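Close look at the chain arrangement
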Amino acid sequence: MSRLAATLELLSELTRWPSVAGQLSAQRGLAAWLERWMVEQLNAAVIHPVATQHDEAPPLVHVRIDNGSDRSVVLYNMYDVMPADDAGWDVAPFIGGIVEWPELGQVFVGRGAENNKGPVAALLILLREMQHSQQLNFNIEILLEGEEEVGSGALRRYLAQQPCPIAPAEAVLFPSLCEYGGGAPRVYLGFTGLASGRLNVTGGDWGGPSSAIHASNAGWIANPAWRLVQALHAIAPAEHSGVLARSMPDDEANQLLASLAEQFSIHDELRFRRSQRLMIAGDTLSSLQTLLGSAVLTLAELHSDPPGGRGVIPFRASAELAFRIPPGFDQDTMIAAAQQRLAQPDLAGCELQLFDRYPGVRFSRHAPGVDALIASYQTLGAAPQIWPWAPGCAPAYAFAAVAPAFLIGGLGHGGNAHAVNEFVTLAGLERFQQSMSLWLTAFNDSAIGRVAPHQGNTAVHKNTRL
């Protein structure tokens, strides 16, 4: 069986598990299946058995491939995916299959094809091939989690143990399809922090109802939904679209952004959006500075109880939200400021409930693994964009005690993550495996050497409140 055929077979198996948040049985089943596959196919040793994890969270999968070395590389990934139903899909999302698209040729369509079951399947088949042919002379730690889409809480608690269950390593890689939309791959030298939560407003002494009341009483009964709107505006004024504060990136970051601005197109970045209204003005460099230098409160969902009651005053209202805070900002201080404002008498009845949180992190351009990733792209004819940190969030901080760098990387074209007809091109799967092979074999060179783990450069200055 060819490498591609084996990859598609494994991807089909992973796709059939609806491993979305809330479907714990399917997540547990897939975690156990992946653990067993790696033991049987990679001769891996189980470090944190799925069968022993009985809490109400998706299990972590942690195995180790011991190649008799004192050097290690960590490969991190995820098996959870976003929800999906069959509407609009060319192939049922939790069955998956190959279709022919006019512009892209053969693609595999299924939930997780790009984010991130496609890369998981492709990497595991590549590792099996490289291990069987003894192409790697270092140890490999593999961590797969089922909560990446909801904050990585179990993973972060696991890695925070003392001693850490993973010994110091050369680097950590999150293998992914990084030729977004078929464009230039990106190398991120850091990640934005995330604090997810819910803002609750309930009736009570401040004048809100303790149960739903007919809307005809609106003239004299306070409405929790309006109090929710007031509270959101108080901590994140609507005219700034949720931006809490901005900073000017430091000199090192600005040098990278200046180079990035020469090849970056905002139009191309947004071409897959059906419509958008930019909240920024200025040239490409200033737009990138604004994007990366903005701490933002994002809103996902607004609710009221009872739901759908147009003729009533609800007794409770809530907002699902997240603080997305770049490295260099003090996450604790920013969240504390929001909590203090919500504690004022004019916002009585408002409570910010935090679910999980992790700070942003940066690391050096010359940290181990960065040059090897860039070289793997260039060898395959790709000119990477180098970003000082990602505008998106990832649990990079959890690995700060493990390695100097947490990289997301890999070539390959996929798309529609979190949306209908999520896909990866078949050519993209092969290109991904080629780039991963190059990156992994670079660590066979002992000249890379071990660098002591550190927290990286997190300096960002000139913070300004809005």
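Residues numbered from 1 in each chain as written. Predicted model: local features only at pLDDT ≥ 70, side-chain atom pairs only at ≥ 80, totals over all residues. Heavy atoms only, no water.

Throughout the structure, instances matching the rule amount to 12 aromatic pairs. Taking the centre distance of 5.8 Å and the plane angle of 70° together, the rings of Tyr188 and Trp387 count as edge-to-face. Within this pair, whereas Tyr188 is found in strand β8 (residues 186-188), its partner Trp387 is found in strand β17 (residues 385-387), the two being separated by 199 residues in sequence. The pair formed by Tyr188 and Trp387 is uniform in burial state, with each residue classed as buried. Both rings, one in Trp439 and one in Phe443, keep their centres 4.7 Å apart while their planes meet at 65°; by these two values the pair is edge-to-face. Each residue in the set Tyr76, Phe174, Tyr188, Phe191, Phe264, Trp387, Phe399 and Phe406 is aromatic and connected to the rest through ring pairs, giving one cluster. (Phe/Tyr/Trp six-rings, centres within 6.5 Å; stacked < 30°, edge-to-face > 60°. Helix = DSSP H or I, 4+ residues; strand = E, 2+ residues; numbered from the N terminus. Buried < 20%, exposed > 50% of the residue type's maximum accessible area, 1.4 Å probe, protein only.)

One can describe the packing of helix α10 (residues 370-379) onto helix α11 (residues 426-442) by two numbers: an axis separation of 9 Å at closest approach and a directional angle of 140°. The angle between the axes of α10 and α11 places the two elements in the oblique class. Here α10 and α11 pass one another in a crossing that is right-handed. Facing α10, whose interface residues are Ala372, Leu373, Ser376 and Thr379, α11 presents Ser435, Leu438, Trp439 and Ala442. (Axes fitted to C-alpha atoms, helices over the stretch in contact; angles between N-to-C directions. Parallel < 35°, antiparallel > 145°, perpendicular 65-115°, else oblique. Left-handed = near helix turned anticlockwise from the far one by under 90°. Contact = heavy atoms within 4.5 Å.)

Take the pairing of strand β7 (residues 172-175) next. Side-chain alternation along β7 places Val172 and Phe174 on one buried face and Leu173 and Pro175 on a second face that is also buried. In this structure, strand β3 (residues 72-78) lies alongside β7, joined through 2 bridges in parallel fashion. Within the sheet, the bridge partner assigned to Leu75 lies in β7 and is Leu173. Taken together, the 4 bridges between β7 and strand β19 (residues 406-409) define a ladder with parallel strand orientation. Residue pairing for β19: Leu173 is matched across the bridge by Leu407. (Pairing = 2+ DSSP bridges.)

Side chains of a nonpolar character, in soluble globular proteins, are inclined to be buried together. Counting residues in each nonpolar core, the largest one holds 98 residues, and the members touching the most others are Met38, Phe399 and Trp439. Per element, the largest residue contribution to this core is 9 residues, and it comes from helix α3 (residues 117-132). Leaving out residues up to four positions away in the same chain, Phe399 has contacts with Val74, Tyr76, Leu143, Leu155, Leu159, Val172 and Phe406. Ala319, Met334, Ile335 and Leu342 belong to the second largest nonpolar core, which has 26 residues in total. (Core = buried A, V, L, I, M, F, W, Y, C linked by side-chain atoms within 4.5 Å.)

Among the secondary structure elements, Gly409 is positioned in strand β19. A relative accessible area of 0% means that Gly409 is categorised as buried. When the C-alpha positions of Gly409 and Pro83 are compared, they lie 25 Å apart, and in sequence the two are 326 residues distant. Those residues in contact with Gly409 that sit more than four places away from it in its chain are Leu173, Phe174, Pro175, Ser176, Cys178, Leu373, Tyr377, Phe432 and Met436.

For α10, the set of buried residues is Val370, Ala372, Leu373, Ile374, Ser376 and Tyr377. Those residues of α10 that are buried lie in contact with β8, β17, β19 and α11. Looking one or two residues past α10, Gly381 carries a phi angle of roughly 80°, positive in sign.

Attention shifts here to helix α5 (residues 224-235). For α5, spanning 12 residues, the distance from its first C-alpha to its last is 17 Å, which sits close to the expected 16 Å at 1.5 Å a residue. Taken as a whole, α5 has its buried residues at Pro224, Arg227, Leu228, Ala231, Leu232 and Ile235. Down the axis, α5 shows its buried residues gathered within 135° of arc, on one side only. Two or three places before Ala225, at the opening of α5, Asn223 has a side-chain oxygen 2.8 Å from that residue's backbone nitrogen. (Expected span 1.5 Å × (residues − 1). Arc of directions from axis to C-beta. Polar contact = N/O pair within 3.5 Å; in protein donor to acceptor, adjacent residues only side chain to side chain.)

The next point concerns the sheet that holds strand β6 (residues 139-145). Across the sheet, which stays open at both edges, the 6 strands sit in the order β1-β2-β6-β3-β7-β19 with mixed pairing between neighbours. Looking along the sheet, the strands with just one partner apiece sit at the ends: β1 (45-48) and β19. Strand-to-strand, the axes of this sheet are offset by a mean angle of 25°, without reference to chain direction. One ladder, built from 7 bridges, connects β3 with β6; its direction is parallel. In the sheet register, Ser72 faces β6, and the bridge partner there is Asn139. The strands that helix α2 (residues 24-42) touches are β1, β2 (61-65) and β6; relative to β2, the one it contacts most, it runs at about 5°. In this fold α3 packs onto β2, β3, β6 and β7, with an angle of close to 150° to the strand it touches most, β3.

With that settled, the discussion passes to the pattern of salt bridges. The final tally for this structure, using the stated rule, is 14 salt bridges. Salt-bridge contacts for Arg362 lead to Glu252; the nearest nitrogen and oxygen are separated by 3.9 Å. Placement of the pair is Arg362 in strand β16 (residues 361-362) and Glu252 in helix α6 (residues 251-261), with a sequence separation of 110 residues. Ionic pairing is found between Asp332 and Arg357, a salt bridge with its closest N-O pair at 2.7 Å. A residue pair is termed long-range when its members are at least 10 positions apart, and Asp332 in helix α9 (residues 331-342) and Arg357 in strand β15 (residues 350-358) qualify at 25 residues. Taking relative accessible area as the criterion, Arg357 reaches 30% and is therefore assigned partly exposed. Beyond isolated ion pairs, a larger network of salt bridges with shared partners links Asp250, Glu252 and Arg362. (Salt bridge = Lys/Arg side-chain N within 4 Å of Asp/Glu carboxyl O.)

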